[in-house]
Amino acid sequence: MAQHSNDSKEKVVYVGDSRVKKSGRRPNIPPDYSAFPGKSEAFVPNFLLKEWMVGVVVLVGFLVLVVSHPAPLGYPADPNNTSFIPMPDWYFLFLYQFLKMPYVSGDYVVLGTVGVPLIMFGALLCAPFLDRGPERRFYKRPIASTLMFLAIISCVYLTYVAWDHYQDQLEEMGIVPEHIQREQEARRAAERGESPQKPGGAEEKQIAIVDANDPITSVIQANCLACHGSDYQGNGPVPALAGVGDKFSKEELADIVTNGRGQMPAFGDRLSAEEIDQIAEWLAKQKAATE
Amino acid sequence: MFKAIYNWIDERLDITPMWRDVADHEVPEHVNPAHHFSAFVYCFGGLTFFITVIQILSGMFLTMYYVPDIINAYASVDYLQHKVAFGAIVRGMHHWGASLVIVMMFLHTLRVFFTGAYKHPREMNWVVGMLIFFVMLGLGFTGYLLPWDNKAYFATQVGIQIAESVPYIGPFIAELLRGGDIVGAQTLTRFFAIHVFFLPGALLALLAVHFIMIRRQGISGPL
């Protein structure tokens, strides 16, 4: 419609409409793939259908994984938690483990965080410019293929070592990963017929502290509250001290403080017997107020 | 009916060349698993895109419930996981999809590498693909913090410490990511913004470039 037209079939006549071509358009006819070598076919719908079938197989496997393994969720983040073993997602483990090696950590950490990764990822990024030969088959490109195989093997090895080390650490310290611990607790609560415990203290019913100004509380504050929560209300998996008198007698509490229990360390050699006796007596008094 | 609508649009916008390029182009025999079963290795790229679409969709649904602040983040994820109908499925898809997209991308990269498909004239597409790889790793790193449980918190703390040890620019990177001296409220909102806006934007742009280049250059020939 570049030129002014007197054609009566034109709906609107624009003067100087430069963009809309009147002719020279491609007709809407699918290309004929017989001109291509081999059994070429159209992307839509022929090939896409086949690719979708592969996709469905993957999707079914994926959904089975999703349904059978719920996404993990631990306890709320607590920056004061000192016993947590930090662990990145699995695809960063090789890098994480690599940085623990002696010549790329400590004084040489720059080599580990910048030097080696820059060379490795740089080489990967620039692979087409480093591997310039005309051959495409991997066995005719021995240097490139060997380097890639070595890189894959070392990544797999480092990932395995990192995971193995983490499992050993867990076993050594008697720690159950938080998301598993949380699931177990929820299951036990469900078996007892209680509604699942709500995380994040805000919704919990707070049990008041009895005799909060007793002189022994200064010893308790110094020794116990780093783990048991500054307000005596517990901290993630660590149980609350408020209301502990409902669960244990004075003698049991003295034993727990002296010898430790589960993940709790023993305080028998850190506190005097007299202090432990007073602590146990004070803790035994911590009962939920009866209405 | 569809034909009439297509023609109506085509008459105005001349979309036939675009349609031919996007949808109706040739797929050679050597990449077609219906003709050669071993050609399934050529599906990893498409599957990566498929999982990426799942990630985008499930992520969009997650943001309907997720609250990016340190008081409510954990509680909102917990609510989504245990109370919302199908919430565990949507979150599970996003969680496992993040791993699966890395696996698929890794396999796709290895296929391209070992078939030498990155050679002339497709060097630029390899570079763009590697950039997509790095963006995906960035998405994984920033997404890991968002549930705000201990695992997320301490992994991020260590990750930022590692970034901080880079000479000269390390402290700036760490400050930029953390938004302060500690991993806290600012860190969570920044990671949320990076995870939901910045990196997906970069990812979509890079994917567009990746696909346009494939259309321009076609699939590399059989070995």
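Computed from a predicted model, the values in this text were never measured in an experiment.

Undergrad: Sorry if this is basic, but what is going on with the pattern of salt bridges here?
TA: Side-chain pairs of opposite charge can arise where the charged atoms are in close proximity. All told, the structure shown has 9 salt bridges over all chains when counted by the stated rule. Here B:Asp78 makes a salt bridge to A:Arg182, at a shortest N to O gap of 2.4 Å. Residue B:Asp78 is located in helix H4 (residues 73-82), and its partner A:Arg182 is located in helix H6 (residues 178-191); the two belong to separate chains. With respect to burial, B:Asp78 and A:Arg182 carry one shared label: buried.

Undergrad: Would you mind going over the packing of helix H5 (residues 142-173) of chain A against helix H5 (residues 87-114) of chain B with me for this structure?
TA: For any two helices packed against each other, one specifies the inter-axial angle together with the distance between the axes. Put simply, H5(A) and H5(B) touch, their axes get as near as 11 Å, and they point 160° apart. On the basis of their axis angle, the class for H5(A) and H5(B) is roughly antiparallel. Of the two elements, H5(A) crosses H5(B), and the hand of that crossing is left-handed. Taken together, the residues of H5(B) that come into contact with H5(A) (itself represented by A:Ala144, A:Ser145, A:Met148, A:Phe149 and A:Ile152) are B:Phe106, B:Leu110, B:Phe113 and B:Phe114. Per-class residue counts for the contact of H5(A) with H5(B) are 8 nonpolar, 1 polar and no charged.

Undergrad: I keep staring at the environment of A:Val15 and nothing clicks. Help me out?
TA: Residues and elements named next belong to chain A. As for its placement among the helices and strands, valine 15 is situated in the segment before strand S1 (41-42). Given a relative accessible area of 73%, valine 15 falls into the exposed group. Considered as a pair, valine 15 and proline 72 are 57 residues apart in the sequence and their alpha carbons are 65 Å apart.

Undergrad: Even after reading the chapter, I still don't get the nonpolar core, so can you show me in this structure?
TA: In globular proteins that are soluble, nonpolar side chains generally tend to be buried together. With 41 residues, the main nonpolar core has B:Leu47, B:Met104, B:Phe113, B:Trp126, B:Ile132, B:Met136 and B:Leu203 as its most contacted residues. Broken down by element, this core gets its largest block of residues, 10 residues, from H5(B). Residue contacts for B:Trp126: discarding those within four places in its chain leaves A:Leu124, A:Leu125, A:Ala127, A:Pro128, B:Thr109, B:Val112, B:Phe113 and B:Tyr118.

Undergrad: Honestly, the interface of chain A and chain B in this entry has me stumped. Any pointers?
TA: Taken together, the contacts link 78 residues of chain A with 84 residues of chain B. Between chain A and chain B, the buried area comes to about 7200 Å², and carbon and sulfur atoms account for 66% of it. Counting the surface chain A buries against chain B, the share from its top three residues, A:Asn28, A:Leu73 and A:Arg136, is 10%. In this assembly, chain A and chain B are joined by 2 salt bridges. At the junction of chain A with chain B, the criterion picks out 33 residue pairs in polar contact (both at pLDDT 80 or more). Broken down by secondary-structure element, the contributors of at least two residues to the side of chain A that touches chain B are S1, helix H1 (43-68), helix H3 (109-125), helix H4 (127-130), H5 and H6 of chain A. The element best represented in the side of chain A that touches chain B is H1(A), accounting for 15 residues. A per-class count over the side of chain A that touches chain B returns 51 nonpolar, 10 polar and 17 charged.

Undergrad: Where do I start with the confidence of the model for chain A in this structure?
TA: For any part of a model where pLDDT is low, the fine detail of the predicted coordinates should not be relied upon. Of all residues in chain A, 90% have pLDDT values of 70 or greater, and the mean over the chain is 84. Low confidence marks residues 198-204 of chain A, where pLDDT is under 50. Its contacts with residues over four positions away, or in another chain, come to 8 contacts.

Undergrad: What am I meant to see in the environment of B:Ile102 here?
TA: Residue and element names in this part refer to chain B. The topology assignment puts isoleucine 102 in helix H5. Taking the relative accessible area as the measure of exposure, isoleucine 102 reaches 6% and is therefore buried. Isoleucine 102 sits 67 residues away from histidine 35 along the chain, and the two C-alpha atoms are 28 Å apart.

Undergrad: Any chance you could explain a nonpolar patch on the surface here in plain terms?
TA: Residue and element names in this part refer to chain B. Taken together, the side chains of Phe49, Val53, Ile56, Leu57, Met60, Leu204, Phe211, Ile214 and Ile219 make up a nonpolar region of the molecular surface, amounting to roughly 730 Å² of accessible area. Contributions of two or more residues to the nonpolar patch are made by helix H3 (44-62) and helix H9 (185-217). The leading source of residues in the nonpolar patch is H3, at 5 residues. If you trace the backbone, isoleucine 214 turns up in helix H9. Its relative accessible area of 30% is what places isoleucine 214 among the partly exposed residues.

Undergrad: What is the right way to look at the packing of H3(A) against helix H6 (residues 123-145) of chain B in this model?
TA: With their axes 9 Å apart at the nearest point, H3(A) and H6(B) run at an angle of 135° to one another. Looking at the two axes, H3(A) sits oblique to H6(B). Between H3(A) and H6(B), the contacting residues are A:Phe121, A:Leu124 and A:Leu125 on the first element and B:Trp126, B:Val127, B:Met130, B:Leu131 and B:Phe134 on the second.

Definitions and limits used
Per chain, residue numbering runs from 1 following the sequence as it is written. The lettering of chains begins at A and the numbering of ligands begins at 1, in the order of writing. For a predicted model such as this one, the threshold for reporting local features is a pLDDT of at least 70, and the threshold for listing and counting side-chain atom pairs is 80 or more; totals across whole chains, interfaces and linings nevertheless cover every residue. Remark: hydrogens and water are excluded; side-chain values derive from all non-hydrogen atoms of the structure. Throughout this description, the term salt bridge denotes a Lys or Arg side-chain nitrogen within 4 Å of a carboxyl oxygen of Asp or Glu. A run of H or I in DSSP counts as a helix once it spans at least four residues, and a run of E counts as a strand once it spans at least two, with each numbered from the N terminus. Throughout, exposure labels follow a simple rule: accessible area from a 1.4 Å probe, protein chains only, divided by the maximum for the residue type, with under 20% read as buried, over 50% as exposed, and the rest as partly exposed. Every axis corresponds to a line fitted to the C-alpha atoms, with the helix fit spanning only the stretch in contact, and the corresponding angles, defined between N-to-C directions, vary from 0 to 180 degrees. Each angle is binned into one of four classes, with values under 35 degrees roughly parallel, values over 145 roughly antiparallel, values of 65 to 115 roughly perpendicular, and all other values oblique. Less than a right angle of anticlockwise turn of the near helix away from the far helix marks a crossing as left-handed, whereas a clockwise turn marks it as right-handed. We call two residues in contact whenever any of their non-hydrogen atoms come within 4.5 Å of each other. Amino acids outside the nonpolar list (Ala, Val, Leu, Ile, Met, Phe, Trp, Tyr, Cys, Pro) and the charged list (Asp, Glu, Lys, Arg) are all regarded as polar, and Gly is one of them. What makes a nonpolar core is a set of buried Ala, Val, Leu, Ile, Met, Phe, Trp, Tyr and Cys residues whose side-chain atoms join them at distances within 4.5 Å. Put simply, buried area is the surface a 1.4 Å probe can reach on two separate parts but cannot reach once they are joined, added for both. Here a polar contact is taken to be a pair of N or O atoms separated by no more than 3.5 Å, where protein atoms must pair a possible hydrogen donor with a possible acceptor and residues adjacent in sequence count only if both atoms sit in side chains. One confidence number per residue, pLDDT, is output by the predictor and ranges from 0 to 100. Like-charged residues within 9 Å of one another, or nonpolar side chains (Val, Leu, Ile, Met, Phe, Trp, Tyr) within 5 Å, are grouped into patches, provided each residue has over 30% relative accessible area and no salt bridge. Per-residue and other accessible areas were derived by the Shrake-Rupley procedure at a 1.4 Å probe size, with only the shown protein chains allowed to occlude residues.

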